[in-house]
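# Observations on the three-dimensional arrangement
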Number of protein chains: 2
Amino acid sequence: MRPKITLKQIAKELDVSISTVSKALRDSPEIGEDTKEKIKAFAKFYNYKPNNIALSLKNRKTKTIGIIIPEIVHHFFTTVISGVEKVANELGYNVLVCLSDNSFDKEVLNMEMLANGSTDGFIMSLAKETMQKGDYHHLVEAINQGMPLVLFDRVIDEITCDKVIIDDVNGAKKAVQHLIDIGCKKIALISTVDYVSVGKLRTKGYKTALKDNFFNVDESLILKIEEMDESEAEIERFLKDKDIDGVFAVNEHFAISAIKAIQENGKKVPDDVSVIGFTDGELSKRFIPSLTTVSQHGTRMGEEAARMLIEKLENTPAEDEKYKTIIVETGLVTRNSTKS
Amino acid sequence: MRPKITLKQIAKELDVSISTVSKALRDSPEIGEDTKEKIKAFAKFYNYKPNNIALSLKNRKTKTIGIIIPEIVHHFFTTVISGVEKVANELGYNVLVCLSDNSFDKEVLNMEMLANGSTDGFIMSLAKETMQKGDYHHLVEAINQGMPLVLFDRVIDEITCDKVIIDDVNGAKKAVQHLIDIGCKKIALISTVDYVSVGKLRTKGYKTALKDNFFNVDESLILKIEEMDESEAEIERFLKDKDIDGVFAVNEHFAISAIKAIQENGKKVPDDVSVIGFTDGELSKRFIPSLTTVSQHGTRMGEEAARMLIEKLENTPAEDEKYKTIIVETGLVTRNSTKS
DNA sequence: TTGTAGGCGTTATCAA
DNA sequence: TTGATAACGCCTACAA
């Protein structure tokens, strides 16, 4: 076992001063060619690499960015991480991943943990509980301490910072418009309760599309799921004997539960009822029938978020005062759960 | 904007020395009650928190563990991360996530990046390319530098360290035994090429189960996939007009492709052919028919790995010399792709 | 061309 | 009871 070597040790071995070594390794012209040679050779031999921690302390920046998400076992968030990681690595940053488990307390804890010097900035999607409570003091504090923050997907108006969102309203509109275009007359919506911002926005898109086409909005065709765990049963109950020919669901899971329920009712997808989901995951692709969905481009969102954060990190505070919101457009991926 | 406050600043404000502040905040009995009170109140007001980086430098440990995986957009790895994260957080550690993208170079790069002080130890699953090359110098180096390493899932014999694996042979055996128990006579295997250790082991389990039941191994019923991208077409070709009544596939994707191929051949799952997969992901659960699978307990593996690593980290080098391999048992989850 | 000294934020040891 | 000092590993302005 050969522990990491330090400048100090090299200096002692070679009988020169620490700063000479430091300079030599950074190829400073101040140092004589032969000394440089000697030092470099020695350092290479012992595989010297500067200690990141020491550098962090000195430079007051860690070159790592923290990402806090509600859950990782969720294809969308996974793709976002992958996007963040890609850009971060290209730009010489590391990625610290924390999970809030959708709990407010864990979110706050994680943030405090990372804010004490572990991270230069944050990329986050808020926990459901946080949005319910409406308590954002931890975000405010991080910003006050001068730590840039980029919010994505589950964002809020109350905090002024960079944001990356998808065009939920438009995505939903596109989906419903597509259902209308293929001839659907009675389109149900399966959404989440309104404090989840995406649920609210997608509901808005649904209603807008209907109105644009002079359909009227029938509230009895709208289901708002409160408890994820019971969504399957709820959807089954909701769809039981309902006279519909189209369903727009705000995520994959709801869409699939809907398909199951429809099939159990003795109807066929897509012949009798067309179904569109939101979020284009593995599930949508491989389910039978494969799902027509609004795709969210998680990787793209992650990349954008990372780029924005790092830009803030590397710019002077003067230019920091302008915050952008990047809207990542959605795409409609047509598969076999909708008539063509 | 109110940047983070330091001991030094508190000391200056309160006109005491830095060490007095430090001691007071750690509630040292050396300091007088009233001074303590005053300092604590002040610190609380300004929300003082010790700087992690400075602590890391001083203590020569970062309290973060690095996890390097081939890809994150893969349910199994995601669950592992989730397990690592859980245990790590409970024990006061952070988790640094890096992706190798199955590339040897990226794996080496990531490791070097993290080894320079960013991490106290590693939890890894090797990139496919690394296993092909058989070049493990980066692992050896990390270990030589005194950084504990825990390998999981894609592990190798060449490196001596803690490992967490699942009982692939047994898992496969269980699956095939189950097929036999429900009456299958001609069971096909869809596996990967042999340098992927799991492919090899699961193939072994398949053969063992057959032999245990006095079936003979028919090599024409075994398919070894080389290229993930073409797996679907390959499986279709392989299964075309094959006379079988059972399929054991070494992962979800292969299993689903098999089901599709079987159905396209005009046969029914599970009535004509029973199918079992490996890795219990979202896909298996929600596919129709839902998949009977060997479940891998990724979360469990992550938890075990984290526990082992942290134990190494917090123990004296003396006890470090013993390495364990934890074998996480698999379970068979029976669903609708097999006859009952 | 090389070396000295100070500082990044903390803690621990020892002196006052 | 409090404070000065050194050290963790690195860099850099300045001195020699």
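Everything numeric in this text was worked out from a predicted model, so none of it was measured.

### As for the sheet that holds strand 6 (residues 187-192) of chain A
All names here are of chain A.
- With mixed pairing, the 6 strands of this open sheet are ordered in space as 7-6-8-9-10-12. A strand with exactly one partner marks an edge of an open sheet, and here the two such strands are strand 7 (222-225) and strand 12 (331-333). If you compare each strand with its neighbour and ignore which way they point, the axes differ by 15° on average.
- Pairing analysis gives 3 bridges linking strand 10 (residues 292-295) to strand 12, with the strands arranged antiparallel. Counterpart to valine 294 in the pairing with strand 12 is leucine 332.
- Running at roughly 165° to strand 6, helix 10 (residues 197-212) makes contact with strand 6, strand 7, strand 8 (246-249) and strand 9 (274-278) of the sheet.
- On top of the sheet, helix 12 (residues 252-264) reaches strand 6, strand 7, strand 8 and strand 9; it is set at about 160° to strand 9, its chief contact.

### Notes on the interface of chain B and chain A
- At the interface, 55 residues of chain B touch 55 residues of chain A.
- At the boundary of chain B with chain A, total buried surface from both sides reaches about 4,800 Å², with 57% on carbon and sulfur atoms.
- Sorting the residues of chain B by area buried against chain A places Ile53, Asn116 and Arg286 of chain B first, and these three jointly supply 16% of that buried surface.
- Connecting chain B to chain A are 1 salt bridge.
- Of the charged contacts, one joins glutamate 85 of chain B and lysine 106 of chain A as a salt bridge, the two residues approaching to 4.0 Å between their closest N and O atoms.
- The tally of links from chain B across to chain A stands at 18 residue pairs in polar contact (both at pLDDT 80 or more).
- No other element matches the 7 residues that helix 5 (residues 75-90) of chain B contributes to the side of chain B that touches chain A.
- In the side of chain B that touches chain A, the residues fall into 22 nonpolar, 22 polar and 11 charged.

### A word on the pattern of salt bridges
- Taken as a whole and assessed by the stated rule, the structure comprises 34 salt bridges over all chains.
- Put simply, glutamate 232 of chain A and lysine 260 of chain A hold a salt bridge, and the shortest N to O gap is 3.8 Å. Taken as a pair, glutamate 232 of chain A in helix 11 (residues 231-239) and lysine 260 of chain A in helix 12 lie far apart in primary sequence, 28 residues in all.
- Given a relative accessible area of 22%, lysine 260 of chain A falls into the partly exposed group.
- The partner of lysine 207 of chain B in a salt bridge is glutamate 219 of chain B, with the nearest N and O atoms 3.4 Å apart. With a gap of 12 residues between them, lysine 207 of chain B in helix 10 (residues 197-212) and glutamate 219 of chain B in the loop between helix 10 and strand 7 (222-225) connect regions that are remote in the sequence.
- Members of the salt-bridge network, linked through shared partners, are Asp27, Glu33, Lys36 and Lys40 of chain A.

### Let's talk about the protein's contact with DNA strand D
- Around DNA strand D there are 26 residues in total, and Leu7 and Tyr48 of chain A together with Thr20, Lys23 and Gly32 of chain B lie nearest to it.
- The sugar-phosphate portion of DNA strand D accounts for 66% of its atoms within 4 Å of the protein, the bases making up the rest.
- Within the side chain of serine 22 of chain A, an N or O atom sits 3.4 Å from a phosphate oxygen of DNA strand D.
- The contact in question runs from a phosphate oxygen of DNA strand D to an N or O atom on the backbone of serine 17 of chain B, over 3.0 Å.
- Elements that contribute at least two residues to the surface near DNA strand D include exactly helix 1 (7-14), helix 2 (18-25) and helix 4 (52-59) of chain A together with helix 2 (18-25) and helix 4 (52-59) of chain B.
- Split by residue class, the surface near DNA strand D holds 8 nonpolar, 9 polar and 9 charged.

### Looking at the relation of the copies chain B and chain A
- In screw terms, the move from chain B to chain A is a rotation of 180° and a rise of 0.1 Å along the axis, fitting with an RMSD of 0.2 Å. When the rotation and shift are considered jointly, the pair of chain copies conforms to a two-fold rotation axis. Residue leucine 96 of chain B of chain B places its C-alpha closer to the rotation axis than any other residue of that unit, at 2.2 Å.
- Both copies share a contact surface, since 100% of the interface residues of chain B are interface residues in chain A too.

### Topic: the UniProt feature "domain: HTH lacI-type" (unreviewed entry) in chain A
- What UniProt calls "domain: HTH lacI-type" (unreviewed entry) maps, in this numbering, to residues 5-59 of chain A.
- Taken end to end, residues 5-59 of chain A is 67% helix and 0% strand, and its first and last C-alpha atoms sit 21 Å apart.

Conventions adopted
- Residues numbered from 1 in each chain as written.
- Chains lettered and ligands numbered in written order.
- Predicted model: local features only at pLDDT ≥ 70, side-chain atom pairs only at ≥ 80, totals over all residues.
- Heavy atoms only, no water.
- Pairing = 2+ DSSP bridges.
- Helix = DSSP H or I, 4+ residues; strand = E, 2+ residues; numbered from the N terminus.
- Axes fitted to C-alpha atoms, helices over the stretch in contact; angles between N-to-C directions.
- Contact = heavy atoms within 4.5 Å.
- Buried area = accessible area lost by both parts, 1.4 Å probe.
- Salt bridge = Lys/Arg side-chain N within 4 Å of Asp/Glu carboxyl O.
- Polar contact = N/O pair within 3.5 Å; in protein donor to acceptor, adjacent residues only side chain to side chain.
- Nonpolar A, V, L, I, M, F, W, Y, C, P; charged D, E, K, R; others polar.
- Buried < 20%, exposed > 50% of the residue type's maximum accessible area, 1.4 Å probe, protein only.
- Near = heavy atom within 4 Å.
- Least-squares fit on C-alpha atoms with pLDDT ≥ 70 in both.
- UniProt positions renumbered as here; feature names shortened; annotations may be inferred.

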